[in-house]
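Close look at the chain arrangement
Chain by chain, the residues run as shown.
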Amino acid sequence: AHCPPTALSELHASREDNERLTCEVERLNTARSAWEDRAAEQAAELERLHAEIEAARQELSAQVTAAEESAAAAEAARAAAQAEAEATAARAAGLESSLAATVASVTELTCRTHAQEELRRQMHETIQALRGNIRVFCRVRGGGGEAECAVSVPAGQVEDTVLEIRPVDGAKGGPQRFQFDHAFGAAASQEDVFVEVSQLTQSALDGHNVAIFAYGQTGSGKTFTMEGPGGDPGVTPRAVERLFAHAAELSALGSSFEFEVSCLEVYNEEVRDLLAPPPKGGEPAKLKLQDLAGVVCVQGLKSTRVATAEEVAPLLAAAQRVRSTASTKMNDRSSRSHYVFRMRIRRREGEGGECRESELYLVDLAGSERVKESGVSGEQMVEARAINKSLSSLGDVVAALASGAKHVPFRNSKLTHLMQNALSGSSKTLMFVNISPLAKHYNESVSSLRFAQKVNGCLSSNKRGLPGK
């Protein structure tokens, strides 16, 4: 059948619309498939992101948990530390309180100790004054081997103060007795002697000048008494050792000390320094004495700072090596000079406390001798006369001091002028009179005893007096 044109046109139009719609559907299907693919990809990406977010959340949660646990531990540690700090602060407060109480107690004890030390010093000074600021001891030399005269310390004495000497065969007169502050028989040891002397070292540490010297004829044991042999030390080395021992005890109580040592000799009225290097001539350096404000100073004297007794020993040995000696009929090694060991002491009580200065003189005098008996001549004759003159001057000075004379003749000899500091004021003086027990020395022994008795007799009025204020 033949279709009309209008219908045909409509059919073509409808076909075209159908084809167009079919193309559009295909395009839309293609687009839908693309969107579905993209949606699937995005869903997968979203799923992956969800997984990452979950993993991150879990990790963060774990970190938060760990942080919370760490914070809790830190808080616990902080609380424990705070508790410990509070406990430490409480302990510190308690310790500070205890320390303050201890400091107060130590301060009080220090004050009491200083007061007791001052009381001890005053009591010691009173005891020494009661014993006498000037004392005379007598010592009989031990040993011998030759005929002895009867020199003895009678038994039965409460204190050994009396010495008895009997004349030798053919001599006129009976036994003679002499009284001193103390008498040592021939059997007395170096320790026995020093026990009676040791308290004077304390006086030196307490600020008093002290002089201990040995007087007697040549060969009577003066050097043995003052110096002693190496294995049996005498007064000087024992006094030095005791000084440092006492100083160490007092240092523990707050005192401080300085010590200086000098060694001199007086030879033929010349003062010589035994520790200074000798000049070209070979003899020890000669020194001059000078009075400054009432204090005798030795110009140019070498003083060596020492801190222990061990440091003093080589100085003593060096001085003894250059001391003047000579051989006489009475002694094959007779001292021809007066040997003076001087220790200057400075004591300070704590920081800024009182300072005391004193001097300790330990003197080994040259032996008194009768020229006729010693058999000296020439230069030794001059030495003997100088020795006897200075010893006589020393006796005059001690007697003047003991009797309270207004004028004391210190300047009559270099020896007494040198020792003026140690013999003046509140000083303590001890004279050893050394006696030989040998029969051939009887006359010299009696002479020495009479000299000492004269000095000791001058002391009777002052011996029991208290020190002047």
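Everything discussed here concerns the structure shown above.
As the structure is a computational prediction, the values presented were derived from the model and not from experiment.

You can see Asp181 is positioned in the loop between β4 (176-179) and β5 (182-184). Here Val136 takes part through its backbone nitrogen, which lies 2.8 Å from a polar atom of the side chain of Asp181.

Okay, the pattern of salt bridges next. Enumeration according to the criterion identifies 28 salt bridges in this entry. Note that Arg166 and Glu164 form a salt bridge whose closest N and O atoms lie 3.0 Å from each other. Look at Arg166 and you get partly exposed, because its relative accessible area is 37%. A salt bridge links Asp364 to Arg323; its shortest N-O distance comes to 2.8 Å. Remark: Arg323 occurs in the loop between α6 (309-322) and β12 (325-326) and Asp364 occurs in strand β15 (residues 355-364); sequence separation between them is 41 residues. Residue class for Asp364 comes out buried when judged on its relative accessible area of 0%. Linked through salt bridges whose partners overlap, the residues forming this network are Asp206, Arg347, Glu349, Glu354 and Arg356.

Time to look at the pairing of strand β3 (residues 162-165). By the alternation rule, side chains of β3 split into Val162 and Glu164 and Leu163 and Ile165, which are all buried. In this structure, strand β2 (residues 151-152) lies alongside β3, joined through 2 bridges in antiparallel fashion. For Val151, the partnering residue across the bridge sits in β3 and is Ile165. Direction of pairing for β3 relative to β4: antiparallel, over a ladder of 4 bridges. Across the sheet, the residue bridging to Ile165 is Gln176, located in β4.

Basis of the calculations
- Residues numbered from 1 in each chain as written.
- Predicted model: local features only at pLDDT ≥ 70, side-chain atom pairs only at ≥ 80, totals over all residues.
- Heavy atoms only, no water.
- Helix = DSSP H or I, 4+ residues; strand = E, 2+ residues; numbered from the N terminus.
- Polar contact = N/O pair within 3.5 Å; in protein donor to acceptor, adjacent residues only side chain to side chain.
- Salt bridge = Lys/Arg side-chain N within 4 Å of Asp/Glu carboxyl O.
- Buried < 20%, exposed > 50% of the residue type's maximum accessible area, 1.4 Å probe, protein only.
- Pairing = 2+ DSSP bridges.

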